[in-house]
Amino acid sequence: MEPMVCYSMGAINSLVEKVTPLMESHPMTEHLLQGLKSLRDDLMNKFVGGRVKGEQVKVWMKQAREMVYDIEDWIDLKPVAANFSESDMKQIEEFKDEIQEARSRCERYELLKKATSDEEQVYAGPREVPRRRLFWEEKTDLVGMDGQKSKLLNHLKNEQKELKVVSIHGTGGHGKTALAKDIYGDIYITAQFQCQAFVSVCRTSSMKTTLIEILRQVKSEEDALQSWSSNDEQINEIITELWELLRTKRYFICIDDIRSTQDLEVIICALPDNNLGSRILTTTCLEEIAISCTRRPTDVVYEMIVLDATHSKRLFCSSAYVQEEEWPDHFKESSNKIFEVCGGVPLAIIITAGFLGRTSTEMSLQSKKLNKTILSEFDQFHSEPRAIRKILEISYADLPLPLKSCFLYLTAFSRNYDIKKDRLIRRWVAEGLIPERHGESSWETGESYFDELISRRLIQPAFDDNDDQPIGCTVQGVVFDFLESLSSEENFITPGVELKSGLSPCERVRRVNLDFGDDDEDDTLISSSYCLLEEKSLVASSSDEDNEIFLHLSRVRSLAFSGDAGRIPDLSAFKHLRVLDLEDTKDLENKQLEGIGHLSLLRYLGLAGADVTKLPQQIMALEQLTTLDLRRTRVIRLPGFRDTKLVSLLADELVLTPREMRRMQNLEELSKVRVGPDGSLANELAGHVNKLGPLRMLGIRFSHLHRYNQNDRQGVKRLLEELGKSNLEFLLLDNYHHPLLDLLVGSWSQNLRNFDLRIRGCLPQVPQEIASLIALTHLHINVEAVEAEAVRALGSLPKLVLLKLDSNTSPSLTLSIKDGFQCLKVLCYNSQYGGGKGMQFEVGAMPQLRRLRLDLDAQETMPKHDDFFFGIKNLPCLVHVHATIDWKKTLARSEVEAAEAQIREQVSRNPNNPVLELNRRRQRSVAKAAELVTRVNSLQEWDKQIDPRKLVVIHFTAEWCRPSRRMTPVFADLAKKFRNIVFLKVDVDVDEMNTVATALSVEGVPTFLFMKGGYVKDRVVGADKEELEEVLAEQVDLM
């Protein structure tokens, strides 16, 4: 069976929809439309309705799709009301001839005889997953690998002082990475090594980036204070620093997915043989690389072994949605043959389980399909790689047509990349891969596709501590290889490495992901090639090679770029771009965005995490733009614009005027918009929120809430009333002021699925009004003390799934089944004085809790406390624990290690074997450094300290603000490092200084202003250490 082409129909359907309305003003397009419909209905539909067999059919479909793309590009660039010229008429005739030629080729080679008559699938949405399997994907259990794990641990834990390397090899899908991670976790728990790191390497990774990641993980906080590595360093400098750091330490480094001996040599150079019992664990698909890793007689090469029949069945049963007693009779009879086909390869077994469906009825239908294929092609399953390839082909072929395209699109991201769910779905929509479904928005359809791929075990979900649902996904290596091969065959997405290699692609590039990491200084071809696009008409002596490159790159529809912004080509040259994703591009300048205003077809613009402060006027004039992502940038205002088709407008704190909101009637997502004195007033927002009919997600950030007057209170009340009547599904209220909590009590729409409330400042205690907010699903709150009554108030919230609770004291807390929390899945608890000392989970407490994050004080968790007991063993669903140990310089290392041992021991008692992530955070003494920061308490002192000749950095703070207190030592360290800069500290609650804060538009604390010559040059809002350091470095460079 050949995987059938899946996205050609989407392309031609889109084109037919665009040509149809042209007939009214341009009758000459009627024959073009008829030709396209005939091509679609008479030929292309026949191929995609069943399996495509034969190379000729695949080539014909590819040629037809490329022709459709060319016609669509031409149509899209033509203004709807424009008159067609003589050259336009000639172009239409040429298109008609091309369509006729495609029909003739199909008939001449009798290609229709090579299409089967399988019924085309109609996708009705994801099938419901039984509750008992809802979170299967969050934690991976190794089945049948106990023996392999034990052998490898024995090799790694022995007393040999010489450096020892253990290298695991095996074909994709055997579970090498899962096994290595499990071993790493076991060794991490036992704390046998002074430092450890786990990194994944792949073909697209920069070696410099990999080494920096190892360095980051192995550094203790003391080491981090003494040295700092960045991408600006040369790779030899990083190797030297890493080697020096590890030279005197017993280390354990795990390097996953090594694919070249060159990468291996670079890593080996950085890891010293220090005769301290250090260990290196590697994984690779290639036996020769595994052998190259082992250079000493005591080193070990270990080949993965397949699962036997018993363990294969056990893994299948643990992965399947249908319990064994509910299996259909015919499947019980054929199951052994299916397991045999899987060849004992874990990934093949897991994907087969996902393929077979979620109910007994589905399993019956799906297993018949599987049996038919296996019985007819059983002789092809002669090797493990072939077996898993076949299973993937079967599972892929079973996907509905639109879902195939979305699945293939995962190759638009780099290998081993953590793909964010919202970013992926928005790009699916912008690419036109999501079909319209009655009664559903594009987002809802895309979300159902994402969930379907997870439930079919084709992608692995990714979780964090910010939500109870998957926030993204990863793609297993062998699955990515499979998708990449299909994508390459069909010219769906061109790998960026092909262009960077200097080889011209064989076909036109339609979609490409360019990752210019730190090792790409010599990759000049791609940049010069792109420059040619703009300069083509100006270059008199272009070579044949240049002409060929221009042909290939001139029709790019989707461009994703990451790395050094200096490598970005002139964007105005890509006139056919629909998707432009520049997320996390380093050092991106505002002026580089000017060319985007010429991209009239652009639908998606991703600038999240880029160094952007202002948007060019032309961007908001783009008529087709539907998604604009400005999160983690410093853009707070949009340039003037007329009516826009924006569907998703995302930012951290956007100021919108009523006029601007009236011009965005298509918005489905708006987050976050600022409400406050310098942002949209609550009253104005209330007047527009329900006029945005499609709006399903709204994020609001409140500013200056501690100064709210009665008019502001009435405005917020009206806003909340309007929100309660809206059709919102997701609502975020950020920086919300606690005196206004009573306004939240009331009825909320049944459509509201996610209500995230983040309360500003530190409250004396948990307000009793909290118990009345029954729609709350996510809550962030900081209080002075947490009492038993407060715990019951929080636990009574019926929909609460995530709680982030900060406390300034550490009372004894005992959590039992009586306290509620029946739906809570994520708990983050942080106490300034001791975190978890006194927190106890009794049997039955928080029965669904899956992720636990604790900040702990080393002195409070010392073994001398006999009553120290978490009761973590009583949390039956726990899969992940993240503990951070705060420690003081006065403590000995042994005392800190004893505190960590307590945490390890507590976690090890849980029968669910949760993953433990353990970090240290040193509470540094800042007394001396703090002397370099001048506290300003009056206008007279302010005038005296503001020296127009010097760079002045001001920390606006407040005693009640914990984030401000947390940034105090950071600010003091910077003052110690930069002695030629004036560092000031201002308390906004001091009357005179509040006047200064207001005059300088300081809306919250902590805020850091950078002033010179009496003017504000830049600012950092919030407790963001990295951004503060970056902005300071920029200002120092300008001095």
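Note that residues are indexed from 1 along each chain, following the sequence as it is written. Totals for whole chains, interfaces and linings use every residue, but because this is a predicted model, local features are given only for residues with pLDDT of at least 70 and side-chain atom pairs only at 80 or more, for both listing and counting. The basis for every side-chain value is the complete set of heavy atoms in the structure, and neither hydrogens nor water enter the calculation.

### Examining the sheet that holds strand β29 (residues 952-957)
Part 1: Paired strands, as defined in this entry, are two strands with at least two bridges between them according to DSSP. Secondary structure is summarised from DSSP: a helix means a run of H or I of at least four residues, a strand means a run of E of at least two, and numbering begins at the N terminus for each. The mixed open sheet is built from five strands, whose spatial order is β28-β30-β29-β31-β32. Pairing within the sheet leaves two strands with one partner each, and these edge strands are β28 (933-936) and β32 (1015-1021). Each neighbouring strand pair of the sheet contributes to a mean axis angle of 25°, computed without reference to strand direction.
Part 2: Residues are treated as being in contact if the distance between any of their heavy atoms lies within 4.5 Å. Inter-axis angles, ranging from 0 to 180 degrees, are taken between N-to-C directions of lines fitted to C-alpha atoms, where helices are fitted over the stretch in contact. The strands touched by helix α32 (residues 962-977) are β28, β29, β30 (982-987) and β31 (1007-1012); relative to β29, the strand with the most contacts, the crossing angle is about 165°.

### Observations regarding unusual backbone geometry
Part 1: Here S671 and K672 are connected by a cis peptide whose omega angle stands at -5°.
Part 2: Along the chain, K672 falls in strand β16 (residues 669-675).
Part 3: Positive phi, close to 65°, is recorded for D257, a residue that is not glycine.
Part 4: Looking at where D257 falls in the secondary structure, it is placed in the loop between β3 (251-256) and α11 (261-270).
Part 5: Exposed residues in this analysis have more than 50% of their type's maximum accessible area, buried residues have under 20%, and partly exposed residues fall in between, with area computed by a 1.4 Å probe over protein chains only. Residue classification places D257 among the buried residues on the basis of a relative accessible area of 10%.
Part 6: One non-glycine residue, F821, lies in the positive phi region at around 55°.
Part 7: Its place among the elements puts F821 in the loop between β22 (813-815) and β23 (826-831).

### What about the sheet that holds strand β6 (residues 419-420)?
Part 1: Strand order in this open sheet of three strands is β6-β8-β7, and the pairing throughout is antiparallel. Every interior strand has two partners, whereas the edge strands, β6 and β7 (460-462), have only one.
Part 2: Here β7 runs beside strand β8 (residues 472-474); their pairing, made up of three bridges, is antiparallel. Each residue of the ladder has a partner; that of Q460, found in β8, is T474.

### Looking at the pairing of strand β11 (residues 558-563)
Part 1: Burial runs high along β11: five of the six residues are buried.
Part 2: Pairing geometry for β11 and strand β12 (residues 579-581), over three bridges, is parallel. Paired with L559 across the strands is L580, a residue of β12.

### Topic: a negative patch on the surface
Part 1: On the surface, D564, D587, E1026, E1030, E1034 and D1037 cluster together to form a negatively charged patch.
Part 2: In this structure, E1034 sits in helix α34 (residues 1025-1038). Like-charged residues within 9 Å of one another, or nonpolar side chains (Val, Leu, Ile, Met, Phe, Trp, Tyr) within 5 Å, are grouped into patches, provided each residue has over 30% relative accessible area and no salt bridge. Computed by Shrake-Rupley with a 1.4 Å probe, the accessible areas treat only the displayed protein chains as cover when residues are assessed. Here, a salt bridge means any side-chain nitrogen of Lys or Arg that lies within 4 Å of a carboxyl oxygen of Asp or Glu. Note that His is not counted, nor are the chain ends; the positive residues are Lys and Arg, and the negative ones are Asp and Glu. Here the site of a charge means NZ on Lys, CZ on Arg, CG on Asp, or CD on Glu.

### Topic: the packing of aromatic side chains
Part 1: What counts as a ring pair is set by centres within 6.5 Å for rings of Phe, Tyr and Trp (its six-membered ring), and what kind of pair is set by the plane angle: stacked under 30 degrees, edge-to-face over 60, tilted for all other angles. Taken as a whole, this structure holds 17 aromatic pairs when the rule is applied.
Part 2: Taken together through their ring pairs, the aromatic side chains of Y184, F193, F198 and F252 make up a single cluster.
Part 3: In this scheme, the term charge over a ring applies when either NZ of a lysine or CZ of an arginine sits within 6 Å of the ring centre and within 35 degrees of the ring normal. One cation-aromatic arrangement involves R250 over F193; the distance from NZ or CZ to the ring centre is 4.2 Å.
Part 4: When the ring centre of Y396 is taken as reference, the NZ or CZ atom of K404 above it lies at 5.7 Å.

### Structural notes on the pattern of salt bridges
Part 1: Tallied over the entire structure, the rule returns 72 salt bridges.
Part 2: For E101, the salt bridge is made with R108, and the minimal N-O distance between the two is 3.6 Å.
Part 3: Exposure remark for E101: the relative accessible area of 35% places this residue in the partly exposed category.
Part 4: Close ionic contact of R511 with E431 constitutes a salt bridge, the shortest N to O distance being 3.1 Å. Placement of the pair is R511 in strand β10 (residues 511-516) and E431 in the loop between α19 (421-430) and α20 (442-455), with a sequence separation of 80 residues.
Part 5: Through salt bridges with shared partners, a single ionic network connects K18, E66, D70, E72, D73, D76, R508, R510, R555, R557 and R578.

### Looking at the environment of G185
Part 1: Take G185: it is sitting in helix α7 (residues 176-190).
Part 2: For the pair G185 and F198, spaced 13 residues apart in the sequence, the C-alpha separation amounts to 9.9 Å.

### Let's talk about the environment of D806
Part 1: Along the chain, D806 falls in strand β21 (residues 802-807).
Part 2: C-alpha of D806 to C-alpha of C762: the two residues are 44 residues apart in sequence and 8.6 Å apart in space.
Part 3: Apart from the residues lying within four places of it in its own chain, the contact partners of D806 are I781, N782, V783, N830 and R962.

### Here we look at the side chain of H778
Part 1: With respect to the helices and strands, the residue H778 is situated in strand β20 (residues 778-783).
Part 2: Owing to a relative accessible area of 3%, H778 belongs among the buried residues under this scheme.
Part 3: H778 has contacts with N466, D467, D468, N754, F755, D756, L757, L800, V801 and L802, leaving out every residue within four places of it along the chain.

### Side note on a positive patch on the surface
Part 1: Residues R659, R662, K691 and R718 make up a contiguous surface patch of positive charge.
Part 2: The exposure class of K691 is exposed, given its relative accessible area of 55%.

### Describing the side chain of E660
Part 1: Structurally, E660 can be placed in helix α25 (residues 658-662).
Part 2: The buried charged residue E660 lacks any salt bridge partner; its closest oppositely charged side chain belongs to R637, at an N-O distance of 6.8 Å.
Part 3: With residues up to four places along the chain from it excluded, the contact list for E660 reads L638, F641 and V655.

### Quick look at the environment of V843
Part 1: Along the chain, V843 turns up in the loop between β24 (839-841) and β25 (851-857).
Part 2: In this structure V843 comes out as exposed when scored by relative accessible area, which is 68%.
Part 3: When the C-alpha atoms of V843 and L815 are compared, they prove to be 8.9 Å apart, with 28 residues separating the residues in sequence.

### Section: helix α33 (residues 991-999)
Part 1: Every buried residue belonging to α33 is among M993, V996 and A997, and all of these are buried. Projected onto a plane normal to the axis of α33, the buried residues spread over an arc of 100° and lie on a single side. The outward face of α33, more than 90 degrees from its buried face, is lined by the exposed residues D991, T998 and A999.
Part 2: The positive-phi residue at the C-terminal boundary of α33 is S1001, with phi of around 60°. Directions are taken from the helix axis to each C-beta atom, and the arc is the one they span.

### A look at the confidence of the model for the chain
Part 1: Per-residue pLDDT for the chain has a mean of 82; in total, 84% of the residues score no lower than 70.
Part 2: Per-residue confidence from the predictor is given as pLDDT, running between 0 and 100. The secondary structure element of the chain with the lowest average pLDDT is helix α23 (residues 525-535), at 38, and the one with the highest is strand β14 (residues 627-629), at 97.
Part 3: The low-confidence segment residues 117-125 (pLDDT under 50) makes 19 contacts with residues lying over four places distant or belonging to another chain.

### Topic: α32
Part 1: Helices are assigned an expected span. That span is 1.5 Å times one less than the residue count. Its 16 residues place the ends of α32 24 Å apart at the C-alpha level, agreeing with the 22 Å of an ideal helix rising 1.5 Å per residue.
Part 2: The largest bend along α32 measures about 30° and falls at T968, with the proline P969 one to four residues further on.
Part 3: By the burial criterion, the buried members of α32 are R962, S964, M967, V970, F971, A972, L974 and A975. By definition, a residue's bend is the angle between the axes fitted to the seven residues ending there and the seven starting there.

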